[in-house]
Amino acid sequence: MMNTKKLLKMAKKWQQRAALRRKRISFHRSTDTTSSSTAAEKGCFVVYTSDRIRFAFPISYLSNSVIQELLKISEEEFGIPTEGPITLPFDSVFLEYLIRLVQRRMDGDTEKALITSISSTRCSLPCSFQLQEHSSTRLVF
Amino acid sequence: MVKPCWRIGAGMERSKINPTKVDGLTWYKDLGLHTFGEFSMAMIQANSVMEDQCQIESGPLTFNNPTVQGTFVGVYDGHGGPEASRFIADNIFPKLKKFASEGREISEQVISKAFAETDKDFLKTVTKQWPTNPQMASVGSCCLAGVICNGLVYIANTGDSRAVLGRSERGGVRAVQLSVEHNANLESARQELWSLHPNDPTILVMKHRLWRVKGVIQVTRSIGDAYLKRAEFNREPLLPKFRLPEHFTKPILSADPSVTITRLSPQDEFIILASDGLWEHLSNQEAVDIVHNSPRQGIARRLLKAALKEAAKKREMRYSDLTEIHPGVRRHFHDDITVIVVYLNPHPVKTNSWASPLSIRGGYPMHSTS
């Protein structure tokens with residue numbers, strides 16, 4: 001089991017790296033468009049962030065427990081949408097950061113810590129800007 | 001471990017002549033014969049455990065009057081777990097037969113009694129299991145039952161599944177909804193609850209842009225959901241999210257079905273019975289048009305596919321990718337769906353079906369990740 005101190009240190013490092021790379025990060029992201037004009041990317045599912053940015057991720061990401069947690073959070077916040085796409089209650093900067101972490105293939109303990117941290121802090125996280133400001137008080141961020 | 005398995009109900013011995021199939025998360029029976037014509041069934045799982053159940057029973061509807069022949073169709077859309085919907089599938093038809101035997105006929109009262117006793121018995125099970133399995137108190141199910149008998153179709157509904165009749169009309173087909181639904185997002189259901197609970201300002205609460213009874217559930221009537229029927233379950237160790245902050249004396253949800261009775265005419269082609277997972281994506285008219293304009297073989301699967309294509313479109317993804325998603329996480333993309341299409345033959349093939357009672361059960365259990 002990883003100790004908290006080590007985890008915090010690691011998270012800080014990730015956060016710095018994510019900040020550095022922010023400008024270079026490129027997913028299939030686009031600004032909000034209507035569903036009729038949006039081509040469905042092959043092999044992908046789509047989520048929107050609170051700032052109306054569209055992300056398409058490979059279907060295989062759906063088996064990742066962090067992604068599953070994000071969908072659960074969306075369900076708790078907004079319910080399962082019956083008419084449109086899935087929206088996450090986070091902004092695009094935060095989602096990009098999380099996806100970077102997911103892509104780095106965390107070990108099980110780190111992943112669990114991340115999920116716990118997302119779950120326990122999400123209520124006070126309307127955007128990632130606040131998240132960064134409060135980073136020192138939270139387990140991972 | 002994901003393992004596919006399924007079973008056919010009481011008509012097990014008929015499995016060779018009435019094969020049902022499983023293809024990934026889909027269970028289906030493309031075409032079969034009931035007392036008054038053909039039928040087609042299909043189900044797809046989205047939850048980690050399939051919560052929908054369904055059945056079709058054709059033949060004698062009493063134990064003591066062989067002249068009362070007909071078809072019974074049930075669609076049970078469970079929530080909070082599969083136990084309530086499975087319980088209904090195990091119990092409601094024998095109860096219907098029992099009450100029908102007492103009066104030697106089918107009637108609205110017989111069907112309502114079968115609903116009431118099924119709910120009562122399920123609540124007994126909840127009480128029995130409370131010390132070891134308290135979460136059973138938060139399991140419930142919608143219950144849609146159709147009985148076709150003696151030129152009449154009885155549609156009894158508790159919850160928000162739906163039965164729609166396809167009536168031929170000037171070269172086309174018109175959708176006639178036969179079921180009355182109980183969902184807080186329908187004005188009529190809200191009015192009913194408000195009038196039953198005039199002193200409870202929080203009987204209906206808007207959450208996620210949808211009305212919910214006590215802020216927790218959309219259906220306003222159901223089988224099960226003991227925590228909303230008896231105050232004795234509104235306490236620990238039931239999970240806090242199901243516990244209501246205030247004490248209640250009057251049951252909040254009821255199991256009473258709304259029953260409609262329709263005399264069938266030669267223009268009545270078929271009835272579609274389906275859980276709300278289908279109606280979320282297809283309108284009544286879209287569904288009857290598909291059935292009217294397509295071959296009978298595999299029609300239930302065709303409706304299922306039409307609904308899934310619509311679900312994929314709403315999520316801005318391809319249908320082929322949607323079908324790759326595993327149960328559990330798949331619930332974020334669509335609900336469990338059950339659809340049964342019952343064709344109505346104007347000239348019942350009585351002699352054939354009297355000789356061969358039919359019993360098919362769908363959805364128990366399909367894939368389980370446990």
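Within any chain, residue numbers begin from 1 and follow the written order of that chain's sequence. Chains carry letters from A onward and ligands carry numbers from 1 onward, assigned in written order. Where local features are concerned, this predicted model is filtered to residues with pLDDT of at least 70; where side-chain atom pairs are given and counted, the filter is 80 or more; whole-chain, interface and lining totals use all residues. Remark: hydrogens and water are excluded; side-chain values derive from all non-hydrogen atoms of the structure.

## Here we look at the overall build of chain A
So, step 1. Helix and strand content of chain A: five helices and four strands.
So, step 2. Think of it this way: any DSSP run of H or I at least four residues long counts as a helix, any run of E at least two long counts as a strand, and we number them from the N terminus. Reading the secondary structure of chain A in the N-to-C direction produces α-β-β-β-α-β-α-α-α.
So, step 3. When accessible area is computed with a 1.4 Å probe and restricted to protein chains, residues below 20% of their type maximum are described as buried, those above 50% as exposed, and intermediate ones as partly exposed. The buried share among the 141 residues of chain A stands at 45%.
So, step 4. A sequence separation of at least 24 residues applies to 62% of the contacts in chain A between residues at least 6 apart. The contact criterion used is simple: two residues touch if any of their non-hydrogen atoms lie within 4.5 Å.

## Points about the pattern of salt bridges
Residue and element names in this part refer to chain B.
So, step 1. Salt bridge, as used here: a side-chain nitrogen of Lys or Arg that lies within 4 Å of a carboxyl oxygen of Asp or Glu. In total, this model carries 19 salt bridges over all chains according to the counting rule given.
So, step 2. Notably, a salt bridge pairs Glu117 with Lys98, separated by 2.8 Å at the nearest N-O pair. Here the residue Glu117 occupies a position in helix α2 (residues 108-129), and Lys98 occupies one in helix α1 (residues 83-103), the gap between them amounting to 19 residues.
So, step 3. Residue classification places Glu117 among the buried positions, given a relative accessible area of 16%.
So, step 4. On the basis of relative accessibility, which here comes to 33%, the residue Lys98 falls in the partly exposed class.
So, step 5. A salt bridge links Arg190 to Glu187; the nearest nitrogen and oxygen atoms lie 2.8 Å apart. In this pair, Arg190 and Glu187 both sit in helix α3 (residues 187-196), three residues apart, roughly one turn of the helix.
So, step 6. Judged by its relative accessible area of 43%, Glu187 falls in the partly exposed class.

## Side note on helix α2 (residues 65-78) of chain A
Residues and elements named next belong to chain A.
So, step 1. With 14 residues, α2 should reach 20 Å at 1.5 Å per residue; the first-to-last C-alpha distance of 20 Å fits that figure.
So, step 2. Listed in full, the buried residues belonging to α2 are Val66, Ile67, Glu69, Leu70, Leu71, Ile73 and Ser74.
So, step 3. Whenever a nitrogen or oxygen atom comes within 3.5 Å of another N or O atom, the pair is scored as a polar contact, on the condition that within protein one atom can donate a hydrogen and the other can accept it, and that pairs from neighbouring residues in sequence are kept only if both atoms are in side chains. In this structure Asn64 caps α2, since a side-chain oxygen of it lies 2.7 Å from the backbone nitrogen of Val66. In this analysis, the expected span of each helix is defined as 1.5 Å times one less than the number of residues it contains.

## Some words on the side chain of B:His197
So, step 1. By the secondary structure assignment, B:His197 is in the loop between α3 and β10 (204-207).
So, step 2. Among residues more than four places away in sequence, those in contact with B:His197 are B:Ile203, B:Lys250, B:Pro251 and B:Ile252.

## Details of the confidence of the model for chain A
Residue and element names in this part refer to chain A.
So, step 1. Of all residues in chain A, 57% have pLDDT values of 70 or greater, and the mean over the chain is 71.
So, step 2. A score from 0 to 100, pLDDT tells how confident the predictor is in each residue. In the model, residues 32-37 has pLDDT below 50 throughout and makes six contacts with residues more than four positions away in sequence or in other chains.
So, step 3. Low confidence marks residues 123-141, where pLDDT is under 50. Its contacts with residues over four positions away, or in another chain, come to 37 contacts.

## Overview of the interface of chain A and chain B
So, step 1. With 28 residues of chain A in contact, the opposing surface of chain B contributes 15 residues.
So, step 2. Accessible-area loss on putting two parts together, using a 1.4 Å probe and summing over both, is the definition of buried area adopted here. Taken together, both faces of the contact between chain A and chain B bury some 1,900 Å²; the carbon and sulfur share is 58%.
So, step 3. If you sort the residues of chain A by the area they bury against chain B, A:Ala40, A:Ile80 and A:Thr82 come out on top, with a joint share of 24%.
So, step 4. Taken together, chain A and chain B are joined by two salt bridges.
So, step 5. We note a salt bridge from B:Glu316 to A:Arg54, for which the minimum N-O separation is 2.7 Å.
So, step 6. Applying the counting criterion to the chain A and chain B interface returns nine residue pairs in polar contact (both at pLDDT 80 or more).
So, step 7. Looking at the side of chain A that touches chain B, the elements that each hand over two or more residues are β2 (44-48) and α2 of chain A.
So, step 8. When residues of the side of chain A that touches chain B are assigned to their parent elements, the largest contribution, seven residues, is made by α2(A).
So, step 9. For this classification, Asp, Glu, Lys and Arg are treated as charged, while Ala, Val, Leu, Ile, Met, Phe, Trp, Tyr, Cys and Pro are nonpolar and the rest, including Gly, are polar. Here the side of chain A that touches chain B is composed, by residue class, of 13 nonpolar, seven polar and eight charged.

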